[in-house]
Amino acid sequence: MNMKPLHDETLYRSIAEQYGTPCYIYDADLLRGNYQQFADSFAGLDATICYAVKANGNLAVLKELAQLGAGADIVSAGELTRALKTKMKPIIFSGVGKNRAELEMAIHHPDVQINIESYQEFQQIKEICKNQPPKTPCKIAVRVNPDIDAGTHDKISTGRKGDKFGVSFDEAMQIYQEASKIPMLKNHAVAVHIGSQLLSLEPYRLAFGKVREFMNDVQQQGITLEAVDIGGGLGIAYKGEEILQIADYAALVQEFFANKKIYMEPGRRIVGNMGELLTRINLIKQSQGQKFAILDAAMNDLMRPTLYQAWHNIVPIAHNQRGETDIYDIVGPICETGDVFAKARQMPIISEEDLLVIKDCGAYGAVMGSAYNARALAPEIMVKDGAAKLVRRRIDIDELLRYEMIDEE
């Protein structure tokens, strides 16, 4: 289990002094290294890494990945705009609820593949292509739901029959058959994604087996699918878990899809461990036999513990030479009982004004932030080649109020 901060104490104190706390800190070297592990493991295959922008959409993060050759997996027009701005391509447009404006935008962009997630969405795409024909045929994939439990948290499982994502194999076949008769659509791929934070290969093996069988069925109907979109979902070690090795994952993909163009959509595995939330202890409260370390960070800054009961290691940046520990509830200042980062966590002795880092929150951290309780949105800092650079400034209450209107008396 990695219990050490990513950087030295001097750098954290410098960042805290210059930018204040709470703030997110990203490590560009670790980001690039995580991406390169995928690139190296899949080097023998016709594979394209389309980073899942929803994990962390900061433009500086996207630019680093684009320079390494990454495409993008996106789920909204806003994420499409981010991907285009940072020159990521190809772009895979996923998501169950694309609206008409988003579909129009995607259909008319040559670098975008649309992953269709319902027959109703397909009908909208047909209508748009009829009334506003694109200059080149729009690439489509159909996301199938293989009805496989990935064994992960209920809120991040996406491949079971009762989940909202994807369509049945029968419905997917119907879409491919109808699309094959529409000149402005190109049946390009089949897509599958069964969940996030997976720690076992077996769910992938079951899903890939069903997808390969389905692709053979499609081929027998005279429809050739050139590519397969295998999704993402590889987990990271938040609490010392044994994680999947990317090389083993790549070997499994090769076993099933060696003769196909492969798209993959990793997010968390690329950015999860490269980010930390730097925070300061506002006060230590003692009440009815409990000690609460109340931070200046809160659930609006990092939602995962409240939303998923997620574990994050929390580490003081100053070394405790004596090795003394105590037990704390580590909480935020927001007026919600659920504003908790850790319950009954054994920690080195900590004091008011101490700086802590909440580790492994480069994925689904700042990107899920809000201004609840009229709190500022935390800034984001990128450390690259040993130097810290601001990549999103703090968005404070004065700026937030500029977007609201009241009648002047």
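Our structure's up above, just so we're on the same page.
Residues numbered from 1 in each chain as written. Predicted model: local features only at pLDDT ≥ 70, side-chain atom pairs only at ≥ 80, totals over all residues. Heavy atoms only, no water.

### Let's talk about empty space enclosed by the protein
Scanning all chains against the criterion turns up one cavity of 30 Å³ or more. Taken as a whole, the largest cavity spans an internal volume of roughly 30 Å³. Forming the walls of the largest cavity are Tyr24, Asn300, Asp301, Ala366, Gly369, Leu377, Ala378 and Arg392. Broken down by class, the residue content of the lining of the largest cavity amounts to four nonpolar, two polar and two charged. (1 Å grid on protein atoms, 1.4 Å probe; cavity = no way out; pocket = protein on both sides within 12 Å on 5 of 7 lines; lining within 4 Å. Points joined across faces, edges and corners; volume = space filled by probe spheres on them. Nonpolar A, V, L, I, M, F, W, Y, C, P; charged D, E, K, R; others polar.)

### Some thoughts on helix 2 (residues 28-41)
Taking 1.5 Å of rise per residue, the 14 residues of helix 2 would be expected to cover 20 Å, and the 20 Å separating its terminal C-alpha atoms lies within 8% of that figure. Capping the start of helix 2, Asp27 holds a side-chain oxygen 3.0 Å from the backbone nitrogen of Asp29, two or three residues further along. (Helix = DSSP H or I, 4+ residues; strand = E, 2+ residues; numbered from the N terminus. Expected span 1.5 Å × (residues − 1). Polar contact = N/O pair within 3.5 Å; in protein donor to acceptor, adjacent residues only side chain to side chain.)

### Let's talk about the sheet that holds strand 8 (residues 227-229)
The eight strands lie next to each other as 2-3-4-5-6-7-8-9, forming a closed barrel whose pairing is parallel. Within this sheet the neighbouring strands show an average axis-to-axis angle of 30 degrees, counted without direction. Note: strand 4 (residues 91-93) against strand 5 (residues 112-116), three bridges, orientation parallel. Within strand 5, the position partnered with Ile92 by the bridge is Gln113. Across the sheet, helix 4 (residues 77-85) touches strand 3 (71-74), strand 4 and strand 5, and the angle it forms with strand 3 is around 170 degrees. (Pairing = 2+ DSSP bridges. Axes fitted to C-alpha atoms, helices over the stretch in contact; angles between N-to-C directions. Contact = heavy atoms within 4.5 Å.)

### Some points on the pairing of strand 2 (residues 47-52)
The buried fraction of strand 2 amounts to five of the six residues, a majority that puts the element mostly inside the structure. Note that strand 2 and strand 9 (residues 261-264) share three bridges and pair parallel. Opposite Ile49, over in strand 9, you have Met264 as the bridge partner. Where strand 2 meets strand 3, three bridges bridge the pair, whose relative direction is parallel. In the sheet register, Cys50 faces strand 3, and the bridge partner there is Gly71. In this fold, strand 2 hands off to helix 3 (residues 59-68), which returns the chain to strand 3; that crossover is right-handed. (Buried < 20%, exposed > 50% of the residue type's maximum accessible area, 1.4 Å probe, protein only. Right-handed = clockwise from strand over helix to strand, strands pointing away.)

### Let's talk about the packing of aromatic side chains
On inspection of all chains with the given rule, the structure shows 10 aromatic pairs. Centroid distance Phe42 to Tyr249: 5.9 Å. Interplanar angle 75 degrees. Geometry classified as edge-to-face. Here the residue Phe42 occupies a position in the loop between helix 2 and strand 2, and Tyr249 occupies one in helix 9 (residues 246-257), the gap between them amounting to 207 residues. Considered together, Phe42 and Tyr249 belong to a single accessibility category, that of buried residues. Ring plane angle 50 degrees and centroid distance 5.2 Å describe the contact between Phe169 and Phe214, whose orientation is recorded as tilted. Of this pair, Phe169 sits in helix 7 (residues 169-179) while Phe214 sits in helix 8 (residues 202-220), and the two are 45 residues apart along the sequence. Each residue in the set Phe42, Tyr204, Phe208, Tyr249, Phe256 and Phe257 is aromatic and connected to the rest through ring pairs, giving one cluster. Above the plane of the ring of Trp311 lies Arg345, whose end atom (NZ or CZ) is 3.6 Å from the centre. (Phe/Tyr/Trp six-rings, centres within 6.5 Å; stacked < 30°, edge-to-face > 60°. Lys NZ or Arg CZ within 6 Å of the ring centre and 35° of its normal.)

### Some thoughts on the nonpolar core
Formed by 98 residues in total, the largest nonpolar core has its most connected members in Tyr51, Phe208 and Phe257. Excluding residues within four positions of it along the chain, Tyr51 makes contact with Asn56, Val61, Leu62, Leu65, Gly71, Ala72, Asp73, Met88, Pro266, Gly267, Ile270 and Val271. Listed in part, the 14 residues of the second largest apolar core include Ile15, Val315, Leu355 and Ile381. (Core = buried A, V, L, I, M, F, W, Y, C linked by side-chain atoms within 4.5 Å.)

### Section: the side chain of Thr48
Inspection of the secondary structure puts Thr48 in strand 2. Apart from residues lying up to four places away in sequence, Thr48 is in contact with Pro90, Lys261, Ile262, Tyr263 and Met264.

### Focus on the pattern of salt bridges
Summed over the entire model, instances satisfying the criterion amount to 21 salt bridges. Measuring nitrogen to oxygen at the nearest pair gives 2.4 Å for the salt bridge that ties Asp29 to Arg32. Residue Asp29 and its partner Arg32 are located together in helix 2, separated by three residues, close to a single helical turn. Assessed through its relative accessible area of 42%, Asp29 is described here as partly exposed. Owing to a relative accessible area of 22%, Arg32 belongs among the partly exposed residues under this scheme. Residues participating in the shared-partner salt-bridge network are Asp29, Arg32, Glu64 and Lys384. (Salt bridge = Lys/Arg side-chain N within 4 Å of Asp/Glu carboxyl O.)

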